[in-house]
Amino acid sequence: MATCRLIPAPWWSQHLVNSDLDWWLITIDQSDLSQQPLRRRQGFLNAFEDLLQHLGFRLQPLLPVLLALTLKQLELACAALQQQEADPSKQQQDEDPAAAASGPSSGSSREEGRAIRSQCLLLLAQVFTRFPASLDYNPLWPGFFRSVRPLMPRLLPESVAAAPPPLLVAVTALAANQGLARVLGNLPSQQIEVIEDGEQQVQPAGMEVDQGLQLPAAAAWAVEGLGGQLLSSCISVLGVRGCSEGSRSAALTVVESCMALQPRELLAAVLLPWVSQLLVDLRSSVESVLAEAAAWGARGGRGVGKVRQEQQ
């Protein structure tokens, strides 16, 4: 029995599973997206999170459009943050134009903007972890690094919270895969996946792991060294006094993943520029941990002595 549609399919439906990430990033109009109500944009992020949880690897054909929409939302939220920091008078303005029309307070709107940034980064971290070699991520990096640039200095104050900063979580996912960790050395990412015997395989076939240590065309984010700056910001978390255990553990995971990179040329490109900083911050981290342990021990000792005196 033939079926008919009461409502015509949208023009973009034919591209839904047939167009790559680059096409969607060019096609999605960021100005139109910014006019969407905040609840609708948050609803998309919630739906994306649910799809990742329930569909898993079956979501792979839809990754380009979902990633493009997530990145565009991250760009919007980070652009609003930059505007506020550049002009203090904008601190009293809403981050979301659609939310401004409905009249929420500027404080709540800033919290909503922070929530969107965090959710976008955590979603990207999930995608990097589950689909490290499923598609070419290189079209993603210009917008990604442009967005996270104003967030790098915030890693230090945010690292004292119990949960690690979302940006640090995203970098942890990047560093865990050799193909994605290349961007932390200002290099193009590669589709590298781990096969069953523990070895790494490069996609597409014919490319070697140690090839491509130079960008074929200088990308702006690589020329500015934003990948290395992001890694340096994550290493700096180790030197923060009062850094939480969760943030310290995430930063150490990033460093350990980078130290495991192969070949040595890639390891040198990613980590060597920051070795001096790493040693200094590691020493600060050890001193901080020892100081915290000594403080807890002193407080615990006084408590034990008090209990013993009461018992006597």
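About the cut-offs
- Residues numbered from 1 in each chain as written.
- Predicted model: local features only at pLDDT ≥ 70, side-chain atom pairs only at ≥ 80, totals over all residues.
- Heavy atoms only, no water.
- Axes fitted to C-alpha atoms, helices over the stretch in contact; angles between N-to-C directions.
- Helix = DSSP H or I, 4+ residues; strand = E, 2+ residues; numbered from the N terminus.
- Parallel < 35°, antiparallel > 145°, perpendicular 65-115°, else oblique.
- Left-handed = near helix turned anticlockwise from the far one by under 90°.
- Contact = heavy atoms within 4.5 Å.
- Salt bridge = Lys/Arg side-chain N within 4 Å of Asp/Glu carboxyl O.
- Phe/Tyr/Trp six-rings, centres within 6.5 Å; stacked < 30°, edge-to-face > 60°.
- Buried < 20%, exposed > 50% of the residue type's maximum accessible area, 1.4 Å probe, protein only.
- Patch = residues over 30% accessible without salt bridge, like charges linked within 9 Å, V, L, I, M, F, W, Y side chains within 5 Å.
- Areas by Shrake-Rupley, 256 points an atom, 1.4 Å probe, with all protein chains shown as cover.
- Disulfide = S-S within 2.5 Å.

Enquirer: If you had to explain the packing of helix α3 (residues 38–55) against helix α4 (residues 63–86) to someone new, which residues and values would you point to?
Expert: Packing of α3 against α4 brings their axes to within 11 Å, and their N-to-C directions diverge by 135°. Taken together, the axis directions place α3 and α4 in an arrangement best described as oblique. As for how α3 packs across α4, the hand of that crossing is left-handed. Here α3 contributes Arg41, Phe44, Leu45 and Phe48 to the contact with α4, which in turn contributes Leu66, Leu69, Thr70 and Gln73.

Enquirer: Break down the side chain of Ser288 for me, citing the residues and quoting the values.
Expert: By the element assignment, Ser288 lies in helix α15 (residues 275–311). Contact partners of Ser288, with chain neighbours within four places excluded, come to Arg241, Gly242 and Arg248.

Enquirer: Any details on the pattern of salt bridges? Residues and values, ideally.
Expert: A full pass over the atoms with the stated rule returns four salt bridges. For the salt bridge of Arg146 with Glu75, the shortest nitrogen-to-oxygen distance reads 2.8 Å. Pair noted here: Arg146 is in helix α7 (residues 141–148) and Glu75 is in helix α4, with a separation of 71 residues, a long-range link. With a shortest N-O distance of 2.5 Å, Arg149 and Glu224 are connected by a salt bridge. Here Glu224 lies in the loop between α11 (220–223) and α12 (226–236) and Arg149 lies in the loop between α7 and α8 (155–158), a separation of 75 residues in the sequence.

Enquirer: Before we move on, could you go through the packing of aromatic side chains and cite the residues and values that matter?
Expert: For the structure shown, the criterion picks out eleven aromatic pairs. Ring centres of Trp23 and Trp24 lie 4.9 Å apart, and the angle between their planes is 90°; on these two criteria the pair is classed as edge-to-face. On the basis of relative accessible area, Trp23 is assigned to the partly exposed category, the value being 25%. The class of Trp24 is buried, set by a relative accessible area of 5%. Look at Phe128 and Trp141: their rings are 5.7 Å apart centre to centre, the planes differ by 45°, and that puts the pair in the tilted class. In this pair, Phe128 sits in helix α6 (residues 106–130) while Trp141 sits in helix α7, placing the two residues 13 residues apart along the sequence. Comparing Phe128 with Trp141 shows no difference in burial state: the two are buried.

Enquirer: Give me the lowdown on α7, citing residues and values where you can.
Expert: Every α-helix winds through 3.6 residues per turn, so residues three or four apart in the chain are directed the same way. In terms of burial, α7 is largely enclosed, as six of its eight residues are buried. Of all the residues in α7, the buried ones are Trp141, Gly143, Phe144, Phe145, Ser147 and Val148.

Enquirer: Describe the environment of Leu230, and please don't skip the residues or the numbers.
Expert: Tracing the backbone shows Leu230 in helix α12. A relative accessible area of 0% means that Leu230 is categorised as buried. Placed 75 residues apart in sequence, Leu230 and Leu155 show a C-alpha to C-alpha distance of 9.8 Å. Excluding residues that lie within four positions of it along the chain, Leu230 makes contacts with Phe144, Phe145, Met152, Leu167, Val171 and Leu184.

Enquirer: So what's going on with a nonpolar patch on the surface? Which residues, and what values?
Expert: A contiguous nonpolar surface patch, about 280 Å² in accessible area, is contributed by Leu272, Val275 and Leu279. Here Val275 is to be found in helix α15. On the basis of relative accessible area, Val275 is assigned to the partly exposed category, the value being 32%.

Enquirer: Any details on the state of the cysteines? Residues and values, ideally.
Expert: A complete count under the given rule lists zero disulfides for this structure. The thiol sulfur of Cys120 is not disulfide-bonded, and the nearest other cysteine sulfur, from Cys78, lies at 8.1 Å. What makes Cys120 buried here is its relative accessible area of 0%.

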